[in-house]
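Here is what each chain is made of, one letter per residue.
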Amino acid sequence: MMRVVVVALLLVPRLAAGQSGDGANPLGLGATRQALEARAQRLEAARSAGAAQEAAAIRTRLARGDFRVGDRILMIVEGESALSDTFVVGPARQLTLPLIGEVPLEGVLRAELQPYLTRRLAHNLRDPEVRTTVFVRLSVQGAVARPGYYGVPAAALLSDALMAAGGTTQEANMAKLRIERDGKAIWAGKTLQQAIAEGRTLDDAGLVAGDQYVVPRRGGTSTGDVLRFGGYLLTIPVTVITLTKIF
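Quick caveat: nothing in here was measured; it's all calculated off a predicted structure. Each residue is numbered by its place in its chain's sequence as written, counting from 1. In view of the model being predicted, local features appear only for residues whose pLDDT reaches at least 70, and side-chain atom pairs are presented and counted only at 80 or more, with totals across whole chains, interfaces and linings using the full set of residues. Side-chain figures throughout are based on the complete set of non-hydrogen atoms in the structure, without hydrogens or water.

Notes on the nonpolar core
In terms of nonpolar packing, the biggest core is built from 47 residues, with Met75, Leu97, Leu121, Leu158, Leu207 and Tyr213 touching the most fellow members. By definition, any uninterrupted DSSP run of H or I lasting at least four residues is a helix, any uninterrupted run of E lasting at least two residues is a strand, and each is numbered from the N terminus. For this core, the leading source of residues is strand 6 (residues 130–142), giving five residues. The contact criterion used is simple: two residues touch if any of their non-hydrogen atoms lie within 4.5 Å. When neighbours within four sequence positions are excluded, Leu207 is seen to be in contact with Leu29, Arg110, Val136, Leu138, Leu158, Ile179, Arg181, Ile186, Trp187, Leu202 and Tyr213. Here, nonpolar core means buried Ala, Val, Leu, Ile, Met, Phe, Trp, Tyr and Cys residues that are tied together by side-chain atoms lying within 4.5 Å of each other. To sort residues, take the accessible area from a 1.4 Å probe on protein chains only and compare it with the maximum for the residue type: under 20% means buried, over 50% means exposed, and anything in between is partly exposed.

Okay, here's the thing in structure tokens:
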């Protein structure tokens, strides 16, 4: 069962798409196929071990696409209530849509999703008007008000996942906040705090379905550490965005 939760979130200025840092995808998950192809070609021309490894990762991404099992896609189709809903990416990286059937997402980039779905729906509908929002399924655990799994928009700020879980508790050791993938930290400590302060998005940080926020509890960390980190979030204006709590 999935419940939609509307949360008031504090915005901080965002980085431009593609700005990188430790653990980040250098082109962001909103990068176009053209931009990725161009970067892969430059890396391959560099002929270094590191460049070759990154180029191979980009080639793999181009072949497999950006969507993983468990990602959620909010699709609005003008005049089609059955198709205007949130759909989950299935085990074969596909969407199963009413009236349409299975739509494969293998090889589809996030930047290509809306035009791709528009073309696919045009096989069954006349001139469909499609709007999409991608939600990334994240785990938020530790010293937060409501630990659990949340669907957070890919374009949302890194801090939004914490806010979706009700925010951190007074026991939170923000100096040791980290984001893990397969049990290994991909963002941590001051690097992560700075990324949040600068307003990086999930997309900027390259987060994918299954990544986990871990908020350790304090063990000697001063209250000042929590207050300093909290100051990163205390900026204006306030916006309201929709997040999904997954049970």
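Some words on helix 5 (residues 189–197)
Structural remark: α-helix, 3.6 residues per turn; residues separated by three or four positions point the same way. Those residues of helix 5 that fall on the buried side of the exposure criterion are Gly189, Leu192, Gln193, Ala195 and Ile196. On an axial view of helix 5, the arc spanned by its buried residues comes to 160°, and they lie on one face. One or two positions beyond helix 5, positive phi appears at Gly199, with a value near 85°. An arc is given here, and it is the one of the directions from the helix axis to the C-beta atoms.

Let's talk about the pattern of salt bridges
Where charged atoms from two side chains of opposite charge come close, those side chains can pair. Salt bridge, as used here, is a side-chain nitrogen of Lys or Arg placed within 4 Å of a carboxyl oxygen of Asp or Glu. If you walk through the whole model with that rule in mind, you get 10 salt bridges. For the salt bridge of Arg59 with Glu37, the shortest nitrogen-to-oxygen distance reads 2.6 Å. Here the residue Arg59 occupies a position in helix 2 (residues 49–64), and Glu37 occupies one in helix 1 (residues 33–46), the gap between them amounting to 22 residues. For the salt bridge of Asp211 with Arg181, the shortest nitrogen-to-oxygen distance reads 2.8 Å. Placement of the pair is Asp211 in the loop between helix 6 (202–205) and strand 10 (212–215) and Arg181 in strand 8 (residues 178–181), with a sequence separation of 30 residues.

Overview of the pairing of strand 9 (residues 184–188)
Any two strands between which DSSP finds at least two bridges are classified as paired. Bridge count for strand 8 against strand 9 is four bridges, and the pairing is antiparallel. Residue pairing for strand 9: Glu180 is matched across the bridge by Ala185.

A few points about the environment of Tyr116
Looking at where Tyr116 falls in the secondary structure, it is placed in helix 3 (residues 113–121). What makes Tyr116 buried here is its relative accessible area of 14%. A C-alpha to C-alpha distance of 9.8 Å links Tyr116 and Val130, two positions 14 residues apart in sequence. Setting aside residues up to four positions removed in sequence, Tyr116 forms contacts with Val103, Pro104, Leu105 and Val108.

Points about the packing of helix 1 against helix 2
Where helices are involved, their axes are fitted lines through C-alpha atoms of the stretch in contact, as for all axes, and angles between N-to-C directions lie from 0 to 180°. Relative orientation of the contacting elements helix 1 and helix 2 amounts to 150°, with a least axis distance of 8 Å. Taken together, the axis directions place helix 1 and helix 2 in an arrangement best described as roughly antiparallel. Crossing angle aside, the handedness with which helix 1 passes helix 2 is left-handed. Along its contact with helix 1, which presents Arg33, Leu36, Glu37, Arg39, Ala40, Gln41, Leu43, Glu44 and Ala46, the element helix 2 presents Ala51, Glu54, Ala55, Ile58, Arg59, Arg61 and Leu62. Note on residue categories: nonpolar means Ala, Val, Leu, Ile, Met, Phe, Trp, Tyr, Cys or Pro, charged means Asp, Glu, Lys or Arg, and polar means any other residue, Gly included. Across the contact of helix 1 with helix 2, the residue classes tally to eight nonpolar, one polar and seven charged. Working rule for angles: under 35 degrees goes down as roughly parallel, over 145 as roughly antiparallel, 65 to 115 as roughly perpendicular, anything else as oblique. Put simply, a crossing is left-handed when the front helix is turned counterclockwise from the back one by less than a right angle, and right-handed when it is turned clockwise.

Note that all results are geometric; they support no functional claim without further evidence.
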